[in-house]
Amino acid sequence: MRTANALRATVACGAAITLALLPACGSPPEGKDAATSGNTYGSADAKFRACMVTDAGGVDDKSFNESGWGGVKAAIDANPAISGSYRQSNSSADYEPNLRASADDEKCGLVIGVGGLMADAVTAVAKENPEKRFAIVDSHVDLPNVYSMEFNAAQSSYLAGYLAAGTTKTGKVATWGGMQIPAVTIFMDGFAAGVAEYNKVHNTTTAVLGWDTVAQKGSFTGNFDDTSAGRSLTENFLAQGADVVHPVAGPVGLGGASAIKDKGNATMIWVDSDGYQAVPEYKQIMLSSSMKDISSAIQVAINNAVAGGAKDGRYVGTLNNKGVALAPFHDFDSKVPDALKQELTKLAADIVAGTVVVASPAAPK
């Protein structure tokens, strides 16, 4: 397996390493006629097609699926020789059929599986089609024709945890997940570690509800589509006194957002994308977001395939290469103390320099 160092240098339009998000990538050039029809995007005459398979939750999940499709569209907007399509997975039973159908399509130059849960399915279908190019988000598949994209989201959630501990008024914060898989628990590990660091520096005792980093046990809905379960979990944590909640559950987090909005005296830290922009109906509760720039990683993966680059490249998003980041505070900017902002900036710089190491069993090796 070769490491795609060039990818780290070329993710030029990603999230900032600390508190500022760069302008959004991939807006179509003015006057560009990029056709959108159902689950396709771009010109039907394009010579190269990127074929994406979503995880459950929908292509408009306000999280990793939507970010993935955004990356496909960004690549197309930048290069009219590329087109794109996606196949929707409603459950894990759809993974292999959707991947196999994409691989069987001669027009698909790259088949992209979005989500770590798809690793086994990508492995199986990629082995069946050794000449076909595949890519996967949130997992490492060690095959000569699979391009892997992972994110050390523990780093951005470490900053999120430190922020939560620095803004809580009750001394209790919470995190919960959709499913107990590495792509989820890595956020929860980082969040809890950031709270612990704030407690250490400031001699405070903020408690983290919902996740035990030592036991690697916590609260999960068991899926990425039951928003009512997300609301129920969040209501439980709010009742226990938590006033900052960090759900790691894609669209299930919307259930938590509705509970927080109704409660009126708590805030949320979103994941994957900038929640303030992704779910503007809840922007009044969005303190920040622990982001991973899936869109830019996928855009570069597509460009790599178009150019005939390494089939087995590997990318790991970090604060250093802007693959992960803490989002701006938006409407809460004036409520976050300047001293805390300075601490977060310094902490991010220390993580980049390697003087602070954020550990998680789920971190990319």
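Here the structure is a predicted model, which means the values were calculated and not measured.

Some details on the confidence of the model for the chain
Piece 1. Residues at a pLDDT of 70 or more form 90% of the chain, whose mean pLDDT is 90.
Piece 2. Predicted confidence for residues 1–37 stays below pLDDT 50, and this span has 87 contacts to residues more than four positions away or in other chains.

Side note on the pattern of salt bridges
Piece 1. Evaluation of the coordinates by the stated rule reveals 11 salt bridges.
Piece 2. Ionic pairing is found between Arg 314 and Glu 150, a salt bridge with its closest N-O pair at 2.7 Å. Of the two residues, Arg 314 is situated in strand β15 (residues 314–317) and Glu 150 in strand β7 (residues 146–151); the sequence distance between them amounts to 164 residues. As far as burial versus exposure is concerned, Arg 314 and Glu 150 are alike and both buried.
Piece 3. The closest approach of N and O atoms between Arg 231 and Asp 262, which form a salt bridge, is 2.8 Å. A residue pair is termed long-range when its members are at least 10 positions apart, and Arg 231 in helix α7 (residues 227–239) and Asp 262 in helix α8 (residues 253–263) qualify at 31 residues.

A short note on the side chain of Arg 49
Piece 1. Looking at the element boundaries, Arg 49 is found in strand β3 (residues 48–53).
Piece 2. For Arg 49, a relative accessible area of 18% translates into the label buried.
Piece 3. Side-chain polar atoms of Arg 49 contact the side chain of Asp 105, separated by 3.1 Å.
Piece 4. For Arg 49, the contacting residues outside a window of four places in its chain are Ser 83, Gly 84, Ser 85, Asp 105, Lys 107, Cys 108, Gly 109 and Leu 110.

Regarding the pairing of β7
Successive side chains on a regular strand alternate, one facing one side of the sheet and the next facing the other.
Piece 1. Taken across its six residues, β7 has six buried, putting it largely inside the fold.
Piece 2. Side chains of β7 alternate between two faces, with Val 146, Ser 148 and Glu 150 and Tyr 147, Met 149 and Phe 151 buried alike.
Piece 3. Bridging between strand β6 (residues 134–137) and β7 involves four bridges; their strand directions are parallel. Among the inter-strand pairings, Ala 135 is bridged to a residue of β7, identified as Tyr 147.
Piece 4. The sheet contact formed by β7 and β15 spans four bridges and is parallel.

Details of the environment of Gly 275
Piece 1. Position of Gly 275 among the secondary structure elements: in helix α9 (residues 275–278).
Piece 2. For Gly 275, a relative accessible area of 0% puts it in the buried group.
Piece 3. Considering only alpha carbons, one finds Gly 275 and Ser 63, 212 residues apart in sequence, at a separation of 8.6 Å.

Some points on the nonpolar core
Piece 1. Counting 69 residues, the largest nonpolar core has Val 72, Ile 112, Met 149, Ile 298 and Ile 302 as its most contacted members.
Piece 2. Apart from the residues within four sequence positions on either side, Ile 302 is in contact with Phe 48, Ala 50, Gly 71, Val 72, Ala 75, Ile 82, Leu 110 and Ile 112.
Piece 3. Leu 233, Val 245, Val 252 and Ala 266 belong to the second largest nonpolar core, which has 21 residues in total.

About the thresholds
- Sequence positions are assigned chain by chain, starting from 1 and proceeding in written order.
- Confidence filtering applies because this is a predicted model: local features only for residues at pLDDT of at least 70, side-chain atom pairs given and counted only at 80 or more, and all residues used for totals across whole chains, interfaces and linings.
- Hydrogens and water are ignored here; the side-chain numbers use all heavy atoms of the structure.
- Per residue, pLDDT measures the predictor's confidence, with a range of 0 to 100.
- Residue contacts are counted whenever heavy atoms from the two residues lie within 4.5 Å of one another.
- Any Lys or Arg side-chain nitrogen located within 4 Å of an Asp or Glu carboxyl oxygen qualifies as a salt bridge.
- For the purposes of this entry, the term helix denotes a DSSP run of H or I that reaches at least four residues, the term strand denotes a run of E that reaches at least two, and both are numbered from the N terminus.
- Throughout this description, buried means an accessible area under 20% of the type-specific maximum (1.4 Å probe, protein chains only), exposed means over 50%, and partly exposed covers the range between.
- Distance and chemistry together define a polar contact, namely a pair of N or O atoms within 3.5 Å, with one atom able to donate a hydrogen and the other to accept it when in protein, and with adjacent residues in sequence counting only for side-chain atoms on both sides.
- Strand pairing is defined by DSSP finding a minimum of two bridges between the two strands.
- Definition of nonpolar core: a set of buried residues of the types Ala, Val, Leu, Ile, Met, Phe, Trp, Tyr and Cys, connected through side-chain atoms within 4.5 Å.

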